[in-house]
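# Overview (structure and organization)
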Amino acid sequence: EKVLNGTPVSLSTFSFVVDSGSPISFETDGSNNILVIPGAAYSITETNPGASYNVAYSAGCNGTLDYGQTATCTITNTEYGKLTIIKNANPSGSQSFDFTTAGTGLSDFSLLDNDDVFGSNTKIFSNLLPGTYSVTENTLYGWDLNNVTCSDGSLNTSINLSAGEDITCTFTNLMRGVIGGHKYN
């Protein structure tokens, strides 16, 4: 049985092998009936599912069956998602902003503001499995975080990434003004 999570694709474009034999295409409904030799070990694996997918196999994808026994092998392909973080700051400059993350596949990072002269203002996390992720900007003296938007409407502290989804979150800061003066006698 074939399960595909993410962008709809014809299941017959995927194939599998039994015991390293010749590739067999999945039926259009994702179900194939396979006969194995009773009492002999078997192993079913997918052939070249592509780099866009995480592949998981159920327990029935390998083992030994006796006469009359059946097993179900479920091969699940989950399309990876992507999370892009963009930093915009006003005014532009060489200020670095630090971010803290939570979720498998993310790591803490720093971005420079929106002036390409000083460096990148974008961080991309690819090959993410569906789940909940969090990206927060650390407080920085002299700057106010005045807006955070994510393309799917999620809060940046609870980004719900689905299979194959591409979410962009933009963090916008504004530098506080400074007032100076002198006292004259």
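Everything quoted here is computed from the prediction, not taken from an experiment.

A pair can form between side chains of opposite charge whenever their charged atoms are brought close. The tally for this structure, following the rule as stated, stands at four salt bridges. Here K2 makes a salt bridge to E46, at a shortest N to O gap of 2.6 Å. Placement of K2 in strand β1 (residues 2-5) and of E46 in strand β4 (residues 41-47) is noted, with a sequence separation of 44 residues between them. Salt-bridge contacts for R176 lead to D144; the nearest nitrogen and oxygen are separated by 3.0 Å. Of this pair, R176 sits in the segment after β15 (166-175) while D144 sits in strand β13 (residues 143-150), placing them 32 residues apart in sequence. A relative accessible area of 39% means that R176 is categorised as partly exposed. Since its relative accessible area comes to 34%, D144 is described here as partly exposed.

With the rule as written, the count across this model stands at six aromatic pairs. Relative to Y53, the ring of F14 has its centre 5.6 Å away and its plane inclined at 80°; by these criteria the two rings are edge-to-face. Within this pair, whereas F14 is found in the loop between β1 and β2 (15-18), its partner Y53 is found in strand β5 (residues 53-57), the two being separated by 39 residues in sequence. In terms of burial, F14 and Y53 fall into one category: buried. With 4.8 Å between their ring centres and 50° between their planes, F16 and F26 make a pair best called tilted.

For the protein, per-residue confidence averages 91 on the pLDDT scale, and 95% of positions sit at 70 or higher. At the low end of the mean pLDDT range in the protein sits β1, at 88; at the high end sits strand β12 (residues 131-137), at 98.

Our focus in this paragraph is the environment of L174. With respect to the helices and strands, L174 occurs in strand β15. Taking the relative accessible area as the measure of exposure, L174 reaches 39% and is therefore partly exposed. Distance from L174 to V36, taken between C-alpha atoms, is 66 Å for residues 138 residues apart in sequence. When near neighbours in sequence (up to four residues on either side) are disregarded, L174 contacts N90, G142, W143, D144 and N146.

Basis of the calculations
Residues numbered from 1 in each chain as written. Predicted model: local features only at pLDDT ≥ 70, side-chain atom pairs only at ≥ 80, totals over all residues. Heavy atoms only, no water. Salt bridge = Lys/Arg side-chain N within 4 Å of Asp/Glu carboxyl O. Helix = DSSP H or I, 4+ residues; strand = E, 2+ residues; numbered from the N terminus. Buried < 20%, exposed > 50% of the residue type's maximum accessible area, 1.4 Å probe, protein only. Phe/Tyr/Trp six-rings, centres within 6.5 Å; stacked < 30°, edge-to-face > 60°. pLDDT = per-residue confidence, 0-100. Contact = heavy atoms within 4.5 Å.

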